[in-house]
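# Structural overview for review
Here's the letter readout for the chains.
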Amino acid sequence: MQLDLNLLAALDALLEEGSVAGAADRLHVTAPAMSRSLGRIRRTTGDQILVRTGRTMTPTPYAIAVREQVHDLLQQVRGVLAPSRELDLATLERTFTLRWHDALVALGGPALLAAVREQAPGVRLRFIAESSIDTPELRRGEVDLAANADDSTVPEIRAERVAETRQTVVVRQGHPLTGVEAVTAERYAAAEHVSVSRRGRLGNILDDALAGLGLTRHVVATAPTERAAFEFVRGSDLVVTAPEATARPAAADLGLILLPLPLDLPPAPVYLSWHQRYDTDPAHIWLRDLARTALTGATNGQDRTAP
């Protein structure tokens, strides 16, 4: 059976108004057009729906029985085809899954959580660790919002650059590099390095930049997170290179020193990424706005716990 949803609207109007003319005025159509719709409804249902009694029309028992059901169905259809974009944060109950780089969780997570709890107490945030391999959770809808340094190469994945930060060299207090007049590229390359890579990669853009100067560095280990790399550094003469925005608060907690990177590198970007299915989702738009504010503010050195 091929169903015409226009007949549902016509039936609702006919049952509410109790007349062809009244239903026609309600739907802004002509009376002959509404009469034709009534005829189609009668043929589809096998019921007269409205019968004439003197000068008025009277609904049949079947029409009376389905009146509320028809109205409810029409409201459901309208809700699907023309959803409300109003968002009631006070009553919103939803769990968002966020796959963020660990340093970004520490950097912007507290501010995001504080803002969410203040505005929408029924919303929960589920931060999960990044995988050592590229995974399709965004595409499958298993992750609502990602945050890392990766731009999107997939058309259906949106990626918005929300912040950037320069790279810095992190060492322990008393490290030999802290006693020199300037950290040159040669001195930097001569040090022993810990590289941060969740995939365990020993090389990155730092090695490309050094190669352009005819230099190479010695990477003795990789760590899956910046925090783990800092732990290696604070008890040795190793160095680690990391984005300043994420390194500065951790270095302050661990008593580490930040030194300028003697290489001409572009700033490290921070991207928010999501699947296009959430482009017009009011709750997701709200979350993206809060996440953008949290990451931008934290990267610029603002209070990490302020709503």
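So, here is what we can say about the structure in this document. This structure is a prediction, so every number in the text was calculated from the model and none was measured.

Pairing is mixed in the open sheet, where 5 strands are placed in the order β9-β8-β10-β7-β11. Edge positions in the open sheet fall to β9 (218–223) and β11 (256–260), since each of these has one partner strand only. Put simply, the sheet's adjacent strands are angled 35° from each other on average, direction ignored.

Moving on to the layout of surface pockets. By volume, the largest pocket amounts to about 1,000 Å³. Around the largest pocket, the lining is made up of 39 residues, and of these H101, A149, D150, Q167 and V196 lie nearest the centre. Listing elements by their share of the lining of the largest pocket, those giving two or more residues are α5 (102–119), β6 (157–165), β8 (192–196), α8 (205–212), β10 (239–243), α10 (244–254) and β12 (268–275). The element best represented in the lining of the largest pocket is α5, accounting for 4 residues. Tallied by class, residues from the lining of the largest pocket come to 18 nonpolar, 12 polar and 9 charged.

Glancing now at the sheet that holds β6. Taken together, the 5 strands give an open sheet; going across it, the order is β4-β3-β5-β12-β6, and neighbouring strands pair in mixed fashion. Each edge of the open sheet carries a strand with a single partner, namely β4 (123–128) and β6. Averaged over all pairs of adjacent strands, the angle between their axes in this sheet comes to 20°, without regard to strand direction. Strand direction decides the pairing type here: strand β3 (residues 94–100) and strand β5 (residues 145–148), joined by 3 bridges, are parallel. Across the sheet, R99 pairs through a bridge with A146, a residue of β5.

Within β12, 8 of the 8 residues are buried, which leaves it mostly tucked inside the rest of the structure. Here β5 runs beside β12; their pairing, made up of 3 bridges, is antiparallel. Residue N148 lies in a different strand from β12, and its bridge partner there is Y271. Examined bridge by bridge, β6 and β12 share 8 bridges and lie antiparallel to one another. Within the sheet, the bridge partner assigned to R158 lies in β12 and is W274.

Thresholds, definitions, all that
Residues numbered from 1 in each chain as written. Predicted model: local features only at pLDDT ≥ 70, side-chain atom pairs only at ≥ 80, totals over all residues. Heavy atoms only, no water. Pairing = 2+ DSSP bridges. Helix = DSSP H or I, 4+ residues; strand = E, 2+ residues; numbered from the N terminus. Axes fitted to C-alpha atoms, helices over the stretch in contact; angles between N-to-C directions. 1 Å grid on protein atoms, 1.4 Å probe; cavity = no way out; pocket = protein on both sides within 12 Å on 5 of 7 lines; lining within 4 Å. Points joined across faces, edges and corners; volume = space filled by probe spheres on them. Nonpolar A, V, L, I, M, F, W, Y, C, P; charged D, E, K, R; others polar. Buried < 20%, exposed > 50% of the residue type's maximum accessible area, 1.4 Å probe, protein only.

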